[in-house]
Amino acid sequence: MPAILWTVDRNLMITSSVGGGLKGIDVRPYELVGKSLLEYLGTTDPEHPEMVKHRKVIEGESFTFESEVLGCVLSCHMEPLRDHDGNITGCIGIALDVTNARRLQLDLILRNRMLEITSSNRPLKEKFTAVLQLLEGLYRGMRTSVMYLSSDGKVLSLAAGPSLPPELCEAVEKFPVGPQSGACGAAVFHRRQVIVENISQSPLFEGHHAFCESLKLRACWSQPILSSKGRVLGTLAMYFEHIKLPGRDEMEMLQWVAHLLGTAIEREQNDRFINGLLRDLERSNREMSRFISVASHDLREPLRTLSSYMRQIEAKLEAKLEGHLDEQTKMDMNFVTVSAKRMQSMISTLTEYSKVGSKVTIRKAVPMREIVETAIQDLKILIEESGASVTFDGDCTAAGHPCLVSRVVENLLANALRYRSQAPPKIHMTCTEKGGECLFQINDNGAGIDMKHAADIFQLFHRLDQTAYEDGLGLGLAVCKRIVEAHGGRIWVVSAPGKGSDFFFTLPPYTDETD
């Protein structure tokens, strides 16, 4: 690291100077010896800050400080110089050129800040402007711009240029792409970086030399902004008031910022595309919901008419045959009526299924004990008919839609009662808060299922046993799954044939912040 060590006597004369020198400010050690501090500083002011510091050091103080000289950052330390008896005979100081270290430190800070900006939710133009302002603060006398490429790839338009003169902003609007079309137009055309050291001698700016000189634009570097798949999105340009070629660090910074801006543009484009898809999906869902409501109403009406007419026909036949309607005809007519009712139930359940959105927005306190007690009361007749024993332990409160959660519990309990084995049903339910969620479990001693079908039973119209419960439509568990997942939860089963089943589902717990 470039450095210099010097000593001065009590008269502030430089008595020695050693080290590699400070090339950044053109200081060589051998040139300092024998000069007064005033002479070195080029001043006649005895109160110059450096004179004051040296006098204070001779009086016994020490100093550690940084100073900037001709664009170089120097880290300095000074302390008293003493003889063998401890008497102060002058001062000794050392200066290190830490310009590169400070630039790297500033570079890292700026990059982190740029990353924060481009990953924020600001509008894209605000992101560009903020990043360019940081970049301009890193290099003196520099102006910057970001330009968008049109969808047909023929024209560039200004997206941001925080310090560009208004005349230049107007001139580059709708700027054509081409091999001789300035640094930016050429960078897009060739799909590579274009460095113009001297605009006044560059054929890329033919016809614009006087205009650029009037704005003190004497050098221009342009970097194409690319997508992750290599598609040109626009350009990043740096303009300078003096003839200049980029150093290694400047070249790397130009490429890095262009990559960062490309990521920001691509993210914005992806967000617009996804938001468009979401809007289309929401519109499609609304239209589908309206269609299902109308279709379900239109389908129910003829089914109700069919059931009504079958009852009337059966009554007329009974009267005409004086009560001697044969059993087969009764069974056939009853089959038609039952089928019509099943169809009505299927339409109602499908309508309900369609109305459960992908996410529940209503989040109220759902006391699971009250939900279970209500379900037991609603299924009281079925419980008594089956001779079932139903118990519950737990007292957790979930967050969700009470009516929908109630539907899940009642459906699972009804299935445990209906799909039973030969023995009277024994059903035990629990609800505990575990791992930041409410875990509900319902255990039964029913017929059980093979775990290879564990995922299938939650699909629409899927029934494992077509004879065990004739009224089943294969919709109940599909509705349960949709409701639970709309709450952000999970639902699953653990079972084995002949050994009963354990159904589980989770819901978020209710907290004071839920509402």
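Residues numbered from 1 in each chain as written. Predicted model: local features only at pLDDT ≥ 70, side-chain atom pairs only at ≥ 80, totals over all residues. Heavy atoms only, no water.

Caption draft 1: Region of the structure containing the sheet that holds strand β7 (residues 155-160). The strand order across the open sheet formed by six strands is β8-β7-β6-β11-β10-β9, and the pairing between neighbours is antiparallel. The two strands at the open ends of the sheet, each matched to only one other strand, are β8 (175-176) and β9 (194-196). Pairing analysis gives eight bridges linking strand β10 (residues 219-226) to strand β11 (residues 232-240), with the strands arranged antiparallel. The residue bridging I225 from the neighbouring strand is G234, located in β11. This element, helix α4 (residues 124-138), spans β6 (142-149), β7 and β11 of the sheet and lies at about 150° to β6. Contacting β6, β7, β8, β9, β10 and β11, helix α6 (residues 182-190) runs over the sheet at an angle of about 145° to β11. (Pairing = 2+ DSSP bridges. Helix = DSSP H or I, 4+ residues; strand = E, 2+ residues; numbered from the N terminus. Contact = heavy atoms within 4.5 Å. Axes fitted to C-alpha atoms, helices over the stretch in contact; angles between N-to-C directions.)

Caption draft 2: Highlighting helix α3 (residues 99-118). In this model α3 runs 28 Å from its N-terminal to its C-terminal C-alpha over 20 residues, within 8% of the 28 Å that 1.5 Å per residue would give. Every buried residue belonging to α3 is among T99, D107, L110, R111, M114, I117 and T118, and all of these are buried. Seen along its axis, α3 keeps its buried residues to an arc of 120°; they face one direction. Exposed residues lying more than 90 degrees from the buried face of α3 are L104, L108 and I109. (Expected span 1.5 Å × (residues − 1). Buried < 20%, exposed > 50% of the residue type's maximum accessible area, 1.4 Å probe, protein only. Arc of directions from axis to C-beta.)

Caption draft 3: Structural view of the environment of S36. Residue position: S36 is located in the loop between β2 (14-18) and α1 (37-41). When the C-alpha atoms of S36 and V8 are compared, they prove to be 8.6 Å apart, with 28 residues separating the residues in sequence. For S36, the contacting residues outside a window of four places in its chain are L12 and M13. Within the local environment of S36, its side chain forms a polar contact with the backbone nitrogen of E39, the two atoms lying 3.0 Å apart. (Polar contact = N/O pair within 3.5 Å; in protein donor to acceptor, adjacent residues only side chain to side chain.)

Caption draft 4: Spotlight on the sheet that holds strand β15 (residues 426-434). The sheet built from five strands is open, its strands ordered β13-β15-β16-β18-β17 with mixed pairing. Each end of this open sheet is capped by a strand with a single partner; those strands are β13 (389-394) and β17 (491-495). Strand-to-strand twist of the sheet, defined as the mean angle between neighbouring strand axes without regard to direction, takes the value 15°. Taken together, the five bridges between β17 and strand β18 (residues 501-507) define a ladder with antiparallel strand orientation. Bridging from a neighbouring strand, V494 pairs with D502 of β18. Its contacts with the sheet place helix α10 (residues 368-378) against β13, β15, β16 (437-444) and β18, and it is angled at close to 170° to β13.

Caption draft 5: Molecular detail of the pattern of salt bridges. Per the counting criterion, the structure on display carries twelve salt bridges. For the salt bridge of E47 with R55, the shortest nitrogen-to-oxygen distance reads 3.4 Å. The partly exposed category is assigned to R55, whose relative accessible area is 28%. In this structure, R267 and D271 form a salt bridge, with 3.9 Å as the shortest nitrogen-oxygen distance. (Salt bridge = Lys/Arg side-chain N within 4 Å of Asp/Glu carboxyl O.)

Caption draft 6: Expanded view of the nonpolar core. Residues M368, L413, M429, F440, I442 and F505 are the most contacted members of the largest nonpolar core, which totals 41 residues. Those elements that provide at least two residues to this core are α10, β13, α12 (402-418), β15, β16, α13 (476-486), β17 and β18. The element that contributes the greatest number of residues to this core is α12, accounting for nine residues. In this view, F505 contacts M368, V408, V409, L412, C438, L439, F440, V484, R490 and I491; residues no more than four positions away in its chain are not counted. V131, L135, Y139 and W256 belong to the second largest nonpolar core, which has 31 residues in total. (Core = buried A, V, L, I, M, F, W, Y, C linked by side-chain atoms within 4.5 Å.)

Caption draft 7: The arrangement of the environment of I94 in detail. Mapped onto the fold, I94 is located in strand β5 (residues 88-97). Look at I94 and you get partly exposed, because its relative accessible area is 31%.

Caption draft 8: Region of the structure containing unusual backbone geometry. The backbone of K174 shows a phi angle near 60°, a positive value even though the residue is not glycine. Its place among the elements puts K174 in the loop between α5 (166-171) and β8. Judged by its relative accessible area of 60%, K174 is exposed. Not every positive phi belongs to a glycine, and K216 is a case in point at roughly 60°. Relative to the helices and strands, K216 is located in the loop between α7 (209-214) and β10. Here K216 falls in the partly exposed class, since its relative accessible area comes to 48%.

Caption draft 9: Local environment of the side chain of S495. Structurally, S495 can be placed in strand β17. Separated by 2.8 Å, the side chain of S495 and the backbone oxygen of G500 make a polar contact. A polar contact is formed between the side chain of S495 and the side chain of S501, at a distance of 2.8 Å.

Caption draft 10: How the structure looks around α13. Considered for burial, the residues of α13 that qualify are L477, A478, V479, C480, I483, V484 and A486. The first or second residue beyond α13 is G488, which carries a positive phi of 85°.

Caption draft 11: How the structure looks around the side chain of H487. Position of H487 among the secondary structure elements: in the loop between α13 and β17. By relative accessible area, H487 is classed as buried at 1%. Among the polar contacts listed, one links the side chain of H487 to the backbone oxygen of I483, at a separation of 2.8 Å.

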